[in-house]
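Each chain is listed here by its residues.
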Amino acid sequence: MKAEIEADTGITTEASNWVFDEHVAPHFDEHVRKSVPEYDRVQDLAAKFSDWFTHPDCTILDFGAATGETLRRIRERHSKPINLIGYDNSQAMIAQAATKGVEVAFADLERLVDIPPFDFGVALYTLQFLRTQARQQLVYRLAKALRPGGGFFVVEKVLGSYPTTQDIIQQLYWDMKIANGLTPAQVLNKAHALRGCMFPKTIQENETEFRGAGFSQVEIVFKDLQFCGWLLIR
Ligand SMILES: C[S@@+](CC[C@H](N)C(=O)[O-])C[C@H]1O[C@@H](n2cnc3c(N)ncnc32)[C@H](O)[C@@H]1O
């Protein structure tokens, strides 16, 4: 049996096998705030961006909706009727979302073919978990399903564009996690768990994919250490 390692208080995992299962889901909202910079600001931006793309009976999609936090915030922001659809392949996350009254559909994004026409979408810290070919297919499919003029907010863990800057921002990122209360062993254990499970790209690689999929406007709207957010317009 493979050894269990601890990635945060209450979160056990295995090397090269990070999954959003019942060990992670109940602690996810707390863990993510220690693990990514400015998590609440990014959620706030997602809700605010929706102002520009919503109208009565419009459709908003969340790819990798997890505990439903983003959809919950968007729902609370608008009084007009909006169709909110979240997708995730973790039953444990879907159960957490249900406790907030947010419905998330079970779907594997690596195989998601039927994407309904939509007006605004988000994929926050999710594309990085998809393998290269499946990820590209999803980005192409969702860009096609987004109505012309619609907006898409995507945030990704990114690699630095140069070896020296990659080294510096990665070390600063680990410092940030430790300053947020994770132990050095937990930070290293999480890195071990993510091996073969997370596939970050550089900013340039991301933007090449977004433009190739048909987004006409590719604007960086958030950047902090190894995390970058874009507002994409079809
Ligand atoms: C880091 S979490 C981000 C969650 C959320 N977007 C947020 O901002 O807090 C990534 C989410 O993507 C989901 N996910 C990863 N790979 C997936 C796949 N192939 N299909 C569906 N969901 C996936 C995970 O279950 C997890 O809930």
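Our subject is the structure that appears above.
Report follows, based on the coordinates. Keep in mind the model is a prediction, meaning the values are calculated, not measured. (Residues numbered from 1 in each chain as written. Predicted model: local features only at pLDDT ≥ 70, side-chain atom pairs only at ≥ 80, totals over all residues. Heavy atoms only, no water.)

### Examining the overall build of the protein
Next up, step 1: The helix and strand inventory of the protein stands at eight helices and 10 strands.
Next up, step 2: Computed over its C-alpha atoms, the radius of gyration of the protein comes to 17 Å, within 12% of the 17 Å expected for a compact globule of 234 residues.
Next up, step 3: Taken over the C-alpha atoms alone, the protein extends approximately 50 × 40 × 30 Å along its principal axes.
Next up, step 4: Taking all 234 residues of the protein together, the buried fraction comes to 52%.
Next up, step 5: Counted over contacts in the protein with a minimum sequence separation of 6, partners at least 24 positions apart contribute 71%.
Next up, step 6: Here the protein has roughly 11100 Å² of accessible surface; of this, 52% comes from carbon and sulfur atoms.
Next up, step 7: The protein carries 25 positive and 30 negative side-chain charges, and their two centres are separated by 4 Å. (Helix = DSSP H or I, 4+ residues; strand = E, 2+ residues; numbered from the N terminus. Rg over C-alpha atoms; globule rule 2.2 N^0.38 Å. Buried < 20%, exposed > 50% of the residue type's maximum accessible area, 1.4 Å probe, protein only. Contact = heavy atoms within 4.5 Å. Areas by Shrake-Rupley, 256 points an atom, 1.4 Å probe, with all protein chains shown as cover. Lys, Arg positive; Asp, Glu negative; His and termini not counted. Charge placed at Lys NZ, Arg CZ, Asp CG, Glu CD.)

### A short note on the site of the ligand
Next up, step 1: Taken together, 19 residues lie around the ligand, and Tyr39, Gly64, Asp88, Leu109 and Leu124 are the ones closest in.
Next up, step 2: One of the backbone N or O atoms of Gly64 is found 2.8 Å from a nitrogen atom in the ligand.
Next up, step 3: Side-chain polar atom of Asp88 to an oxygen atom of the ligand: 2.6 Å apart, as the coordinates give it.
Next up, step 4: Its residues assigned to classes, the shell around the ligand comprises 11 nonpolar, five polar and three charged. (Near = heavy atom within 4 Å. Polar contact = N/O pair within 3.5 Å; in protein donor to acceptor, adjacent residues only side chain to side chain. Nonpolar A, V, L, I, M, F, W, Y, C, P; charged D, E, K, R; others polar.)

### Examining the packing of helix H5 (residues 132–145) against helix H8 (residues 203–213)
Next up, step 1: Running from N to C, H5 and H8 point in directions that differ by 45°, and their axes come no closer than 8 Å. In terms of orientation, H5 and H8 fall into the oblique class. Judged by the twist between their axes, the crossing of H5 over H8 is right-handed. From H5, Arg135, Gln136, Val139, Tyr140 and Ala143 reach across to H8, where they touch Asn206, Glu209, Phe210, Gly212 and Ala213. (Axes fitted to C-alpha atoms, helices over the stretch in contact; angles between N-to-C directions. Parallel < 35°, antiparallel > 145°, perpendicular 65-115°, else oblique. Left-handed = near helix turned anticlockwise from the far one by under 90°.)

### Comments concerning the packing of aromatic side chains
Next up, step 1: For the structure on display, the rule yields 14 aromatic pairs.
Next up, step 2: Seen in terms of ring centroids, Phe63 and Phe152 are 5.9 Å apart; in terms of plane orientation they differ by 50°. Their pairing is tilted. On the criterion of sequence distance, the pair formed by Phe63 in strand E3 (residues 58–63) and Phe152 in strand E7 (residues 146–159) is long-range, its members being 89 residues apart. With respect to class, Phe63 is no different from Phe152; both count as buried.
Next up, step 3: The interplanar angle of 70° and the centroid separation of 5.3 Å between the aromatic rings of Tyr173 and Phe227 together place this pair among those described as edge-to-face. Placement of the pair is Tyr173 in helix H6 (residues 163–179) and Phe227 in strand E10 (residues 227–233), with a sequence separation of 54 residues. For the pair shown, Tyr173 and Phe227 are each scored as buried. (Phe/Tyr/Trp six-rings, centres within 6.5 Å; stacked < 30°, edge-to-face > 60°.)

### Quick look at unusual backbone geometry
Next up, step 1: Its identity as a non-glycine residue notwithstanding, Ala66 has a phi of 55°, on the positive side.
Next up, step 2: Residue position: Ala66 is located in the loop between E3 and helix H3 (69–77).
Next up, step 3: On the accessibility criterion, Ala66 (11% relative accessible area) is buried.
Next up, step 4: Positive phi, normally seen in glycine, also occurs at Leu225, with a value near 45°.
Next up, step 5: Mapped onto the elements, Leu225 comes out in the loop between strand E9 (217–224) and E10.

### Quick word on the pattern of salt bridges
Next up, step 1: A full pass over the atoms with the stated rule returns 16 salt bridges.
Next up, step 2: Of the charged contacts in the structure, one is a salt bridge between Glu69 and Arg73, with a shortest N-O distance of 3.4 Å. Of the two residues, Glu69 and Arg73 are both situated in helix H3; the distance of four residues between them amounts to about one turn of the helix. Residue Glu69 shares its accessibility class with Arg73, and that shared class is buried. (Salt bridge = Lys/Arg side-chain N within 4 Å of Asp/Glu carboxyl O.)

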